[in-house]
Amino acid sequence: MDSNKTALISVRNLMKGFGATKVLRGVNFTVLPGEIHALLGGNGAGKSTMIRIITGAVRKDDGDVVLASPRGGIPKIAVVHQELALLPDLTVAENIALVHAASAATLVRNRSQAARAHEALCLIDPHLAHHALHRKASELSMHEGQIVEIARALSTGAEVLLLDEPTANLTAGETERLFVVLRRLATEKNIGIVFVSHRMKEIRQLCDVCTIIRDGMTVIDALPLTHLSDNEIIHQMGQPTERSVERDKRVLDQAGGGVVLRGPETSVPVLKGQILGLAGAPAGPSRLIAVLNGTAANADWEVDAKDWPKRPTSPRQAVQLGIGHVSGDRRLKGVLSQLPIVDNVLASRRVREGRHLVRGSERDECLGLVKALKLKAGSIWDLPSTLSGGNQQKLLVARWLGMPLKMVVFEEPTRGVDIGTKREIYELIRNMAGQGTIVVWWSTENVELLELCDEILAFDTEGRAKGLLPQDQFNEDALADLTGMAA
Amino acid sequence: MKTIVKAIAMAAAVLVAQGAHAQDKKFTVAYIAPSLDIDYWQWVAHGVQQKAKELGMDYVEYTSENSPAKQMDNARVAVTRGVNAIVIGPVSSTSTPPLLNYLAQQKVPIAFAGIGPQPGETKFTSSVTANNYETGLAQGKYTCELAKERGGSEVGMLSLPQDRENAQKYLKGAQEAFNANGCQLVQMLETKGLTINEAVTQANDLLTAHPKVKAIYGMYDQAGTGAAKALATRGLKGKIGVTVADGSPTTIQLLKDGAIQGIFFQEAVGQGMDATEQVYKALKGEKTTQNMALVMPLVKAADIDSEDAKKVIARVFPQ
Amino acid sequence: MTTKATSMTSNDKTAPPPKSPSLLSVYRSELAIAIACVVLLVGVGFFVPAALSSGNFANILQASAPLVIMSLGVLIVIITGGIDLSVGSIFSLTGMVTALAMANGFSDISASLAGLGVGIVFGSINGALITLVGLAPFVVTLITYAVAASLAFIVTNGRSLGVNSPDYWLFNSGEFIPGLPNFILFCLIFTVALEFVLRKVTAGRWFYSVGSSPMAAYLLGIPVKRTRFAAYVISGTMASFAGLLTVSYILNAEATAGASLMLQAIAAVVIGGASLSGGSGSAIGAVLGALMITIIQNGVNLIGINSFWQGSVTGLAILVAVLIDRFSHR
């Protein structure tokens, strides 16, 4: 990196507290034009708070934030989140043109709108520009949506692009294409790119330098990635580095309590206490999961087991049967955002056990679970929004912990969760299986499936079941081949 | 395309048939009410209908839902339909000029019942209204007498919204009567919802703020009912006088029970009848009276069963 | 809802288990409204001393009773993230149906039950159209609002009806418990029962869950549709009950009786700390909101401010309440 380049973003000794808790205790962060900068840190380390201060959403307590454009003035910063921020009912052209309308009274001119959108999209993906301009945003794939968002951000003249886990929902091919675009933006347009991710492999593939934040302080400040080993990075993030190499010695109960999942041209027997991984793009696994948790409208899967209906008709029936569900989509499918933690944790128990009154003993029950999960919470009467993302995810797992369950369905439970918390969640999954619960676990990260599962059912990008891998045939390349997704 | 032609043809046929209908000398009178959620306008409707029947006219009814635009539409629809004359309770006085211009063009006679046209307008057959000022004067005088009888001079008033012209006239008359007879109006509360429940609350608040009030002037029927209810709850029935304008079966019953001391009847049915008679005369080419301001007759508890009272009540609401 | 931060990390195993939040912290915003009510009353008393007489307190309680009960019903719907615009019309129609039934020789009790039936039926229609057909609550209750309002005119041709049954007033003003008029008793019973249900009964927590995050609640096995349906039936029934109470009080039924109440009830719920986006609110808050609106009306009348200002003053009160709520949660 040229040291004589002026930094687009320069953060020095940034401080921020919310109430009694100090979230930032001295953060340094520098972004130069034309670099791809990995921003790393565990959940709750302070990454998102820093980003919100830089974008002006939150006020700082102390420290310096200097934003300087080589063109003079303040550089435009565009943030692209994991969840898309496109208006689903508008076309791609409208979505892009929207940010250019000078005022609310600006007339909508279709022709010029399309031209501008086309121009913006051509910069990064001429193919998409050609085909998708007049499609609704809701019809796009995740990857296409992300490209549109990036194009929109750049078309406003953004000089810094902040990508928050952009690859979480992408297939291997899509990820590769996105990276090509990003590299070109950095080298050709001299744009500063900040890349937030938990995927070590991608970070190595894409980024030049990295900054690591831990407990509100910068521990690694813009060090070239070549200077750091994976283990050093994980260590600096404050995560346990040891990987549980030896698999646990669960004895699978062959006798009974197992089920057979029957799908189109597939039949998967699952034993009690077995962990079945589902790998691949969302289409296939989500259809199977919908059948298991009772949300399927018209299903191509069914469950074959004693004392079970072929398909639960509602999530309520599923829960009452003893089928739990944990989703990585915390905002929509997980947390009851306006209810205190205690209600969030106990909601499933109340349904499963048909409790009619809120018992006094539920407090201790909840405290026990919170402790067992090492949930970092101020008080169990606080709202879940006071928790970090990883802790919210643990909260969702707590709902099903220690209950006699027949099955738990995990839907990307580690999405947007740091490595330390991931490890804890793996442990919980293993414990549940150890107690004889069938675990069905969908993840887009093949590595974690390979590490924990007894069997993996792979789906291709069209949603077809492509094959069942037993443990002795586990192999990253084979799985990537079957699913078309990289880990 | 064919269906549209057919539809137009059919519509034309209907119009022609109606026109033909109008030819055979049977007049139709339309009554346009400002709204039908107040008993009063239904009673006017009853009067119009009754008189029309008596005079051998057909009767149709429209509601303006308190909207001047809807009122104008109603008039146009009525004229299109071949109506010969209109009796109207306008949404407001100020809403009338465009309506009158239109009807004058169409040469359709129009009479007002209950609320008159905007002052200065001349293009109408007749305006049959209550004489609010005179009634205010009379009711004010009587209310003051009631207060004096009960050993006080303070009176309270439950008023219609003072943005209404009739409410302003009532108040002007009442104020003059209070001053002339040595009473003080210590508080006036205006209604919004015109419900009894609201009037009860207001009467209670009035009496809390001014415990020396000895008589309450109720400007509309629900006010009298509400005041009587509030007094009954406080055990003050008869100890504080209540007068009310308008009159209804409810307030007549309260009058008989001694909870109200006097009703100034607004002759709703009578206004409808008189207005209908005026437009009929106009159609026949007879002489009409343009301004008929009826003073509202007072009926006291003692007279309620007299023949005169019965005649008055027959012109108030349908029996 | 913030209590002292008692850290629950794995490290401090010695830390004592945290205490449940104190009543003061749970009902903090309710306390603020209660204080505001007292301040308002005292303020009015400064101009009109009689405002602080027991007679005036009785007036305020009587005037607020129907609004209190209606607000409690609306609260449930608002907690589930819905809205009920039909309550005012249900209130009116209930009165008309009851008075009409009595005029046709039904006993007090069967006429009242018929009136209550109005709320149950309309509440069920609301609930069914919203949960089974999937229409938006605003649209559905706008429809039933219009239908019930027009039915209130239709049943008696727009005429108001007197109630001649000699004992019917006892329902509102009698005293099942000597010294405690029934209308206050009813308000107390409903408030306490609802507060208990909302806090301590699983189904009560469901109202919040559904309003907070419907999809998450559904996946948790909470019967979302049943819960929302129940909310509208409760709301309709409470509106009917409020209607009966008013008829019993003034012994008259009017087709426009409830017209102004719907917005007041929603305002009361909002003043009481509930969010229109669902998931929050309390029974005690809604009751205090209703009381505050009544105190404002009472004060405006006592001081003799033109009653057209009532709306503005109430609007200001809502603004202040919402602002307090917003800043106390920062």
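Residues numbered from 1 in each chain as written. Chains lettered and ligands numbered in written order. Predicted model: local features only at pLDDT ≥ 70, side-chain atom pairs only at ≥ 80, totals over all residues. Heavy atoms only, no water.

A. Seen up close, the overall build of chain B. Helix and strand counts for chain B come out as eleven helices and twelve strands. Dimensions of chain B, computed from C-alpha atoms along their principal axes, come out at roughly 80 × 40 × 35 Å. Burial statistics for chain B: of 319 residues in total, 54% are counted as buried. Residue pairs at least 24 apart in sequence account for 72% of intrachain contacts in chain B once pairs closer than 6 positions are excluded. (Helix = DSSP H or I, 4+ residues; strand = E, 2+ residues; numbered from the N terminus. Buried < 20%, exposed > 50% of the residue type's maximum accessible area, 1.4 Å probe, protein only. Contact = heavy atoms within 4.5 Å.)

B. Broad picture of empty space enclosed by the protein. All names here are of chain C. Evaluated as defined, the whole model comprises seven cavities of 30 Å³ or more. As a volume, the second largest cavity reaches approximately 50 Å³. In terms of lining, the second largest cavity is formed by Phe 91, Ser 92, Gly 95, Gly 243, Thr 246, Val 247, Ile 250, Asn 252, Ala 253, Glu 254 and Ala 257. Elements that contribute at least two residues to the lining of the second largest cavity include exactly α4 (87-103), α11 (224-250) and β2 (252-253). Looking at which element gives the most residues to the lining of the second largest cavity, the answer is α11, with four residues. Across the lining of the second largest cavity, the residue classes tally to five nonpolar, five polar and one charged. (1 Å grid on protein atoms, 1.4 Å probe; cavity = no way out; pocket = protein on both sides within 12 Å on 5 of 7 lines; lining within 4 Å. Points joined across faces, edges and corners; volume = space filled by probe spheres on them. Nonpolar A, V, L, I, M, F, W, Y, C, P; charged D, E, K, R; others polar.)

C. The interface of chain C and chain A, seen in detail. The interface is formed by 40 residues belonging to chain C together with 40 residues belonging to chain A. Counting the surface lost from both chain C and chain A, the interface buries some 3100 Å², and carbon and sulfur atoms represent 62% of this. On inspection of chain C and its partner chain A, the count reaches one salt bridge. Where chain C packs against chain A, one counts ten residue pairs in polar contact (both at pLDDT 80 or more). Residue contributions to the side of chain C that touches chain A peak at six residues, all from helix α9 (residues 202-212) of chain C. (Buried area = accessible area lost by both parts, 1.4 Å probe. Salt bridge = Lys/Arg side-chain N within 4 Å of Asp/Glu carboxyl O. Polar contact = N/O pair within 3.5 Å; in protein donor to acceptor, adjacent residues only side chain to side chain.)

D. Geometry of helix α9 (residues 283-292) of chain A. All names here are of chain A. In terms of burial, α9 is largely enclosed, as seven of its ten residues are buried. Those residues of α9 that sit buried are Gly 284, Pro 285, Leu 288, Ile 289, Ala 290, Val 291 and Leu 292. Once α9 finishes, Gly 294 follows within two positions and takes phi at roughly 80 degrees, a positive value.

E. Representation of the pairing of strand β5 (residues 126-130) of chain B within the structure. Residues and elements named next belong to chain B. With five of five residues buried, β5 is to be regarded as a mostly interior element. A two-sided burial pattern is seen for β5, the buried positions comprising Ser 126, Val 128 and Ala 130 on one face and Ser 127 and Thr 129 on the other. One ladder, built from four bridges, connects β5 with strand β11 (residues 291-294); its direction is parallel. By the bridge assignment, Thr 129 is partnered in β11 with Ala 293. (Pairing = 2+ DSSP bridges.)

F. Fine view of a nonpolar patch on the surface. Judged by side-chain polarity, Phe 138, Val 139, Leu 142, Ile 143, Tyr 145, Val 147, Leu 151 and Ile 154 of chain C come together as a nonpolar surface patch covering roughly 690 Å² of accessible area. By the element assignment, Tyr 145 of chain C lies in helix α6 (residues 137-154). (Patch = residues over 30% accessible without salt bridge, like charges linked within 9 Å, V, L, I, M, F, W, Y side chains within 5 Å. Areas by Shrake-Rupley, 256 points an atom, 1.4 Å probe, with all protein chains shown as cover.)

G. Broad picture of the sheet that holds strand β10 (residues 259-263) of chain A. Residues and elements named next belong to chain A. Judged by pairing direction, the sheet is antiparallel, and its three strands sit side by side in the order β11-β10-β13 without closing on themselves. With partners counted over all chains shown, the strands left at the sheet margins are β11 (266-270) and β13 (302-304), one partner each. In this sheet, adjacent strand axes meet at a mean angle of 25 degrees when their direction is disregarded. Note: β10 against β11, five bridges, orientation antiparallel. Bridge pairing links Val 260 to Pro 269 in β11. (Axes fitted to C-alpha atoms, helices over the stretch in contact; angles between N-to-C directions.)

H. Representation of the state of the cysteines in the model. All names here are of chain B. Counted according to the given criterion, the structure contains one disulfide over all chains. Residue Cys 144 pairs covalently with Cys 183 via a disulfide, S to S 2.0 Å. The S-S bond linking Cys 144 to Cys 183 shows a torsion near 90 degrees; that makes this disulfide right-handed. Residue Cys 144 is found in helix α5 (residues 132-149), and its partner Cys 183 is found in the loop between α6 (165-181) and β7 (184-190); the two are separated by 39 residues along the sequence. In terms of burial, Cys 144 and Cys 183 fall into one category: buried. (Disulfide = S-S within 2.5 Å.)

I. Up close: the sheet that holds strand β9 (residues 241-246) of chain B. Residue and element names in this part refer to chain B. Spatially, six strands are ordered β7-β6-β8-β9-β10-β12 in an open sheet, and the strand pairing comes out mixed. One side of each edge strand has no neighbouring strand; the edge strands of this open sheet are β7 and β12 (298-300). The sheet shows a mean angle of 20 degrees between the axes of neighbouring strands, direction not considered. Two strands pair when backbone bridges link them, and strand β6 (residues 154-159) and β7 are joined in this way by six bridges, in the parallel orientation. Note on β7: the bridge partner recorded for Val 155 is Leu 185. Helix-sheet contacts for helix α9 (residues 249-257) involve β9, β10 (262-265) and β12, and the interaxial angle to β10 is about 150 degrees.

J. Structural detail: the side chain of Thr 191 of chain B. All names here are of chain B. Structurally, Thr 191 can be placed in the loop between β7 and α7 (196-209). Of note is the side chain of Thr 191, whose polar atom sits 3.0 Å from the backbone nitrogen of Leu 194. Separated by 2.6 Å, the side chains of Thr 191 and Glu 198 make a polar contact.

K. Seen up close, the domain arrangement of chain B. Residue and element names in this part refer to chain B. We note that the domain assignment places domain 1 (27-124 + 268-295) and domain 2 (132-265) within chain B. Put simply, the middle of domain 1 and the middle of domain 2, counted by C-alpha atoms, are 31 Å apart. In this complex, domain 1 contributes five residues to the contact, which on the side of domain 2 involves seven residues. Taking both sides of the interface into account, the surface hidden between domain 1 and domain 2 amounts to around 420 Å²; carbon and sulfur atoms contribute 64%. Contact with domain 2 buries surface across domain 1, with Ile 38, Trp 43 and Val 295 losing the most and accounting together for 66% of the total. Inspection of the domain 1/domain 2 interface yields zero salt bridges. At the boundary of domain 1 with domain 2, the tally comes to zero residue pairs in polar contact (both at pLDDT 80 or more). When grouped by side-chain class, the residues that make up the side of domain 1 that touches domain 2 number four nonpolar, one polar and no charged. (Domains from an automatic or database assignment.)

L. The interface of chain C and chain B, seen in detail. Listed as interface residues are 28 residues of chain C and, on the opposing side, 28 residues of chain B. Together, the buried faces of chain C and chain B total about 2300 Å²; carbon and sulfur atoms form 48% of this surface. The interface formed by chain C and chain B contains zero salt bridges. Put simply, chain C and chain B have six residue pairs in polar contact (both at pLDDT 80 or more) between them.

M. Structural detail: the nonpolar core. With 138 residues, the main nonpolar core has Phe 410 and Trp 441 of chain A together with Met 70 of chain C as its most contacted residues. By residue number, the principal contributor to this core is helix α3 (residues 54-79) of chain C, which donates 13 residues. Counting residues in each nonpolar core, the second largest holds 81 residues, with Tyr 170, Val 200 and Leu 254 of chain B together with Ile 250 of chain C among its members. (Core = buried A, V, L, I, M, F, W, Y, C linked by side-chain atoms within 4.5 Å.)

N. Spatial organisation of the packing of α3 of chain C against helix α8 (residues 182-200) of chain C. Residues and elements named next belong to chain C. The N-to-C vectors of α3 and α8 enclose an angle of 20 degrees; their axes lie 9 Å apart at closest approach. Relative to α8, the element α3 is oriented roughly parallel. For the element pair α3 and α8, the recorded crossing hand is left-handed. In contact with Leu 61, Gln 62, Ala 65, Val 68, Ile 69, Leu 72, Leu 75, Ile 76 and Ile 79 of α3, α8 contributes Phe 183, Ile 184, Phe 186, Cys 187, Phe 190, Thr 191, Leu 194 and Leu 198. Among the residues forming the contact of α3 with α8, the class breakdown is 15 nonpolar, two polar and no charged. (Parallel < 35°, antiparallel > 145°, perpendicular 65-115°, else oblique. Left-handed = near helix turned anticlockwise from the far one by under 90°.)

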